[in-house]
Amino acid sequence: PERLAAFEARVAADEYIEPNDWMPEAYRRTLVRQISQHAHSEIVGMLPEANWLTRAPSLKRKAILLAKIQDEGGHGLYLYCAAETLGTSREEMIEALHAGRAKYSTIFNYPTLNWADIGAIGWLVDGAAIMNQVPLQRTSYGPYARAMVRICKEESFHQRQGYDLLLTMVNGTPAQRAMAQDALNRWWWPALMMFGPPDDNSPNSAQSMRWRIKRETNDELRQKFVDATVPQAELLGLTVPDPDLRWNEERGHYDFGSINWDEFYAVVRGEGPVARERMDARRAAWDNGAWVRDAAAAFEAKRASRKAA
Amino acid sequence: PERLAAFEARVAADEYIEPNDWMPEAYRRTLVRQISQHAHSEIVGMLPEANWLTRAPSLKRKAILLAKIQDEGGHGLYLYCAAETLGTSREEMIEALHAGRAKYSTIFNYPTLNWADIGAIGWLVDGAAIMNQVPLQRTSYGPYARAMVRICKEESFHQRQGYDLLLTMVNGTPAQRAMAQDALNRWWWPALMMFGPPDDNSPNSAQSMRWRIKRETNDELRQKFVDATVPQAELLGLTVPDPDLRWNEERGHYDFGSINWDEFYAVVRGEGPVARERMDARRAAWDNGAWVRDAAAAFEAKRASRKAA
Amino acid sequence: MQPNHIEALLEVADDSLVLGQRLCEWCGHAPTIEVDLSLSNLALDLIGQATLLLDYAGEREGQGRDADRLAFHRDAEAFRNSMLVEQPNGDFARTVMRHFLFAAYANPLFEALTSSPDARLAEIAAKSIKELRYHLEYATDWLERLGQGTEESHRRVAEAYDWHWRFVDDLFFDSEAWKSGAESGLWPLRAQLRPAFDETLNAGLARAGLAEPKPVWPIVGGRLGKHSEHLSSLLATMQVLPRAHPEATW
Amino acid sequence: MQPNHIEALLEVADDSLVLGQRLCEWCGHAPTIEVDLSLSNLALDLIGQATLLLDYAGEREGQGRDADRLAFHRDAEAFRNSMLVEQPNGDFARTVMRHFLFAAYANPLFEALTSSPDARLAEIAAKSIKELRYHLEYATDWLERLGQGTEESHRRVAEAYDWHWRFVDDLFFDSEAWKSGAESGLWPLRAQLRPAFDETLNAGLARAGLAEPKPVWPIVGGRLGKHSEHLSSLLATMQVLPRAHPEATW
């Protein structure tokens, strides 16, 4: 109880908690869940983009996309490492994902259907991720906060690249413009869902806010995203697929239509359009790679024992 | 010895030997080897063409090719059935193929690299097959001879379709004409090899000729093929890739360059350009389909026992 | 036919085309020669149907597009097939289940089309329905064999059912274009075909010893050009030659 | 540079391009995240090399073709890569072995190119050789790990060697175009690089505990545009967008 009070005071004072510091079990559990979910999202998130990597229409775009997906893998690595400082191994986390016990961002259960989707993911998905993540640079757990600083910097870069890809396409042929609009039509609502359920239905939010694992509410972040993104869409000459979208002078914010929460919860349950493909791909990569990991481990063990001898 | 003499007399008189007739073991063995090799060739021969089925450039050509490959599968079936009348099961023959004990035509170990190859296979490969097979319509073993009648009729049809495909291409764009020439360049020599080693190096020929399992020598058939095919190439406006090719007024035949027998024997040994792909594909089809065959057998068994009860 | 009726016609044509193309991938790789030949037969029927339907759609459109133009020069977004038919072949159980679900839907549809007031459409349907009856029979026979065969085949066909079931609503989706054609009396609403489908489905599942479907979040969009990731890859292969050589005839 | 020298340059460029494209297929599917990132790195290097080499070839050709034009608008017959690099990824052992063989060849080649009298080519080679040294090191390390790891990994890497070995002569094939460039002093004959390759090869095999190569019937033709069946499928995917939308820029 004393330790708990001291812990809460440090968090309230915006101090960082470090791996060897005492922390409540619930805090540890919540963090592992959140950080591993975030790590899983980075890894699963490689798949929708990799789907177009072999079809990138220029060598420059192929290199940019390859580097971007690589960054995401790198983010996954930092985050697994950050979560490991809390006492859960990467293997355990990956097994939880493959068994369906751990979640990842719902957005990656939507398919990438044309090349403009690569731009839309950078612009909207990375854009929404940044909105979610910028506050986490000041989250209470030190290793997580520091990982976030590096991740946010790279995500901003990805967002600009995505926007640039779309800018090229809207200035291209009618077919390219149509692809860009089609991508916006399909990614807009899933991007808004990335901020999670509405505040009045977000059970863990209050606790997470108190612990500085979260620093703004889902609805606040969602509004911020809409306000920032709508003018960018206008600049592209694309139409946001929401008939209820309009500027509210009084609120100083955009009003927007209501989200299909039934779809959101279906996707959370694992019934998203390509959720099975995503999990099948991850499981296949892991299972087909088992012999490689085994070989590397056996080789290391042999080398170590040779050195010891 | 008496039975042997009677047998030889019947064969010499061009009578058909039927499954229940007495026959020398060597005759049976040679026939099983030859017929099963022929059956295997039909089945393996589906693969190089199937390689372009999903890429056929018009719906009509796709349907023609599909029907053609289907015919080949059908030929494979008749031939396995003909061989089974000699007391060897289809499974045994297929296992011999997959274990590398049985052979198939060397020609199918060459890759199909462009759409014109589909025409070249019809024209040259089916053309050569017909040359080989027409005499077999009068071969001494009845079931084999009858299978051959049906097969030859369909092969002639395939050959015309292949020629028609090439005719369309040589009358098309420069790229199409180049594809047609490229296909002829690659398929010409392998087609000549389809008639087997030269007569002075074809150990089983004499015996097979006496038994009417074979009715013309390899070199005779090869000459016949060259004589028939060269004018067809000229009609297409394509160049046969043999600088030594010329009409020999005296012989009344075309002279042609020497065949690379080292390559031939390498391909016979299983070192042809795509021999591994072919065998991997056949083994994978067989192995991946094992559970289906098991299920069908189990279902039949249940049904039979239900009827019996 | 109004322009949107022609688009609705593509929904039917593209189902046959894409499923036929998928079946072509089996060629040379099936579990037995007999199955190989049968799958080729199904593919031949489907490609034949697609050719007739696409040619007709192109004629009515009147912009000089024939079946080949429509098959080989549209991007994935312009395809109107259901997502069911574009699903990968997977193992033989998935192929059988996909075909069973498709044929159970296509039979009442083509049956209805045989009495369309559009004579040409009725004629194409009359030819096709004979083929599709056999497709349903063939797929149902295999469904039963796999369902009642071995433990492994039962498990696989149940898994196949689980995979494909969520695309059935997409198969039956009544697009605005389709509804408009239905109002003009060209064809029934797909919703009206559902009872016949359900009957076939339940009978097939019963023969195979499979449980009735659980409710799922349906995945829809094919009739509107929103497909799975599989279609664009299928088309990249199928269309490669006409796209690379647009000026050629074959 | 004479026209045939430019064609010979494509032999080098296409090796990097096709191998880079193959490695892209691993993205998101590798045995560990670390391996995934490493393979992406190798792919990035190769695509970078290909871009520089193709741009240069296009410039020297002087017909307005840049790297993208050459990468996305040539048919398989016009590609000059060796058959080794177009071989499918297979399992990780095949990918490692393919990369080892390629890097063991590319190192002495690019080393030699750094002193080409063609300044631009020398400059590209100087940038690339640093990358390729790392490629060889990375592939050799994995070769050793797999060869000395478990029984299964040893079996797989031996099988991989058996698969790829017959394409090594294709890698070293001296085409007429290449010979002409060698006569002009632009680069060495590939035959001259073979001793360095053999040394690297034998050292690598020894570290991995693999037996020396058996003689095989070599499969050659890549430098002449006669490829395996795998290249055209790879290109169908890689080129799909620029082919479908020839007028677009991306």
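Residues numbered from 1 in each chain as written. Chains lettered and ligands numbered in written order. Predicted model: local features only at pLDDT ≥ 70, side-chain atom pairs only at ≥ 80, totals over all residues. Heavy atoms only, no water.

- As recorded in an unreviewed UniProt entry, chain C goes by the name Phenylacetate-CoA oxygenase subunit PaaI, listed as coming from Sandarakinorhabdus cyanobacteriorum.

A word on the overall build of chain C
In step 1: Assigned secondary structure in chain C consists of 12 helices and zero strands.
In step 2: Put simply, chain C runs from its N terminus to its C terminus through helices and strands in the order α-α-α-α-α-α-α-α-α-α-α-α.
In step 3: For chain C, the C-alpha radius of gyration of 17 Å lies close to 18 Å, the compact-globule estimate for 250 residues.
In step 4: Each of the three principal axes of chain C carries a C-alpha extent, and together these read 55 × 40 × 35 Å.
In step 5: Expressed as a percentage of its 250 residues, the buried residues of chain C come to 64%.
In step 6: Partitioning the contacts of chain C with sequence separation of at least 6, the portion at a separation of at least 24 is 79%.
In step 7: Accessible area for chain C stands at about 8,500 Å²; split by element, carbon and sulfur atoms hold 52% of it.
In step 8: Mean positive and mean negative side-chain charge positions of chain C (24 and 38 charges, respectively) differ by 2 Å. (Helix = DSSP H or I, 4+ residues; strand = E, 2+ residues; numbered from the N terminus. Rg over C-alpha atoms; globule rule 2.2 N^0.38 Å. Buried < 20%, exposed > 50% of the residue type's maximum accessible area, 1.4 Å probe, protein only. Contact = heavy atoms within 4.5 Å. Areas by Shrake-Rupley, 256 points an atom, 1.4 Å probe, with all protein chains shown as cover. Lys, Arg positive; Asp, Glu negative; His and termini not counted. Charge placed at Lys NZ, Arg CZ, Asp CG, Glu CD.)

Remarks on the overall build of chain A
In step 1: When helices and strands are counted, chain A shows 13 helices and two strands.
In step 2: A compact globule built from 309 residues would reach a C-alpha radius of gyration of about 19 Å, and chain A, at 21 Å, matches this within 12%.
In step 3: Its C-alpha atoms put chain A at 70 × 50 × 30 Å along the principal axes.
In step 4: Sorting the 309 residues of chain A into buried and exposed places 57% on the buried side.

Describing the interface of chain B and chain D
In step 1: Residue-level contacts link 24 residues of chain B with 16 residues of chain D.
In step 2: Taken together, both faces of the contact between chain B and chain D bury some 1,600 Å²; the carbon and sulfur share is 51%.
In step 3: The tally of links between chain B and chain D comes to two salt bridges.
In step 4: Here arginine 276 of chain B and aspartate 162 of chain D are joined by a salt bridge, their closest N and O atoms 3.1 Å apart.
In step 5: Across the chain B-chain D interface, the total number found is six residue pairs in polar contact (both at pLDDT 80 or more).
In step 6: When residues of the side of chain B that touches chain D are traced back to their parent elements, those giving at least two are helix H3 (46-53), helix H8 (174-193), helix H11 (261-271) and helix H12 (275-288) of chain B.
In step 7: Counting residues per element, the side of chain B that touches chain D draws most heavily on H11 of chain B, at five residues.
In step 8: For the side of chain B that touches chain D, a count of residues per class yields eight nonpolar, five polar and 11 charged. (Buried area = accessible area lost by both parts, 1.4 Å probe. Salt bridge = Lys/Arg side-chain N within 4 Å of Asp/Glu carboxyl O. Polar contact = N/O pair within 3.5 Å; in protein donor to acceptor, adjacent residues only side chain to side chain. Nonpolar A, V, L, I, M, F, W, Y, C, P; charged D, E, K, R; others polar.)

Re the pattern of salt bridges
In step 1: According to the stated counting rule, one finds 87 salt bridges over all chains in the structure shown.
In step 2: Two residues, glutamate 11 of chain D and arginine 190 of chain D, come together in a salt bridge whose shortest N-O distance is 2.7 Å. Taken as a pair, glutamate 11 of chain D in helix H1 (residues 3-24) and arginine 190 of chain D in the loop between helix H9 (176-183) and helix H10 (194-208) lie far apart in primary sequence, 179 residues in all. The same class applies to glutamate 11 of chain D and to arginine 190 of chain D, which are both buried.
In step 3: Put simply, Glu49, Lys68, Glu72 and Asp126 of chain A are held in one network by salt bridges that share partners.

A closer look at the nonpolar core
In step 1: Counting residues in hydrophobic clusters, the biggest one holds 181 residues, and the most contacted among them are Trp115 and Trp188 of chain B together with Phe92, Phe102 and Phe110 of chain C.
In step 2: Take this core: its biggest share by element is 14 residues, from helix H5 (residues 92-113) of chain C.
In step 3: Excluding residues that lie within four positions of it along the chain, tryptophan 188 of chain B makes contacts with Leu124, Phe225, Val226, Thr229, Val230, Val240, Pro241 and Asp242 of chain B. (Core = buried A, V, L, I, M, F, W, Y, C linked by side-chain atoms within 4.5 Å.)

Observations regarding the side chain of arginine 215 of chain A
Residues and elements named next belong to chain A.
In step 1: Of note, arginine 215 is situated in the loop between helix H9 (205-210) and helix H10 (218-236).
In step 2: Within the structure, arginine 215 has its side chain in polar contact with the side chain of aspartate 14 (distance 3.2 Å).
In step 3: Among the polar contacts made by the side chain of arginine 215, one reaches the main-chain carbonyl oxygen of arginine 138 at a distance of 2.7 Å.
In step 4: With near-sequence residues (within four places) excluded, arginine 215 lies in contact with Asp14, Pro135, Arg138 and Met209.

Some thoughts on the packing of helix H2 (residues 25-44) of chain A against helix H5 (residues 90-98) of chain A
Residue and element names in this part refer to chain A.
In step 1: Taken N-terminus to C-terminus, the directions of H2 and H5 make an angle of 70°; their axes are 11 Å apart at the nearest point. One finds that H2 runs roughly perpendicular with respect to H5. In the packing of H2 onto H5, the handedness of the crossing is right-handed. Contact residues: Ser36, His40 and Val44 in H2; Met93, Ile94 and Leu97 in H5.
In step 2: Taken together, the residues that form the contact of H2 with H5 break down as four nonpolar, two polar and no charged. (Axes fitted to C-alpha atoms, helices over the stretch in contact; angles between N-to-C directions. Parallel < 35°, antiparallel > 145°, perpendicular 65-115°, else oblique. Left-handed = near helix turned anticlockwise from the far one by under 90°.)

Here we look at a negative patch on the surface
Residues and elements named next belong to chain A.
In step 1: A contiguous patch of negative charge on the surface is contributed by Glu84, Glu91, Glu92 and Glu95.
In step 2: No other element matches H5, which puts three residues into the negative patch.
In step 3: Following the sequence through the fold, glutamate 95 ends up in helix H5. (Patch = residues over 30% accessible without salt bridge, like charges linked within 9 Å, V, L, I, M, F, W, Y side chains within 5 Å.)

Notes on the interface of chain D and chain A
In step 1: The interface of chain D with chain A comprises 48 residues on the first partner and 45 residues on the second.
In step 2: Of the roughly 3,900 Å² buried where chain D meets chain A, counting both sides, 72% is carbon and sulfur surface.
In step 3: Between glutamate 34 of chain D and arginine 90 of chain A there is a salt bridge, with the nearest N and O atoms lying 2.4 Å from each other.
In step 4: Along the contact surface separating chain D from chain A lie 12 residue pairs in polar contact (both at pLDDT 80 or more).
In step 5: The biggest single contributor to the side of chain D that touches chain A is helix H2 (residues 33-61) of chain D, with 11 residues.

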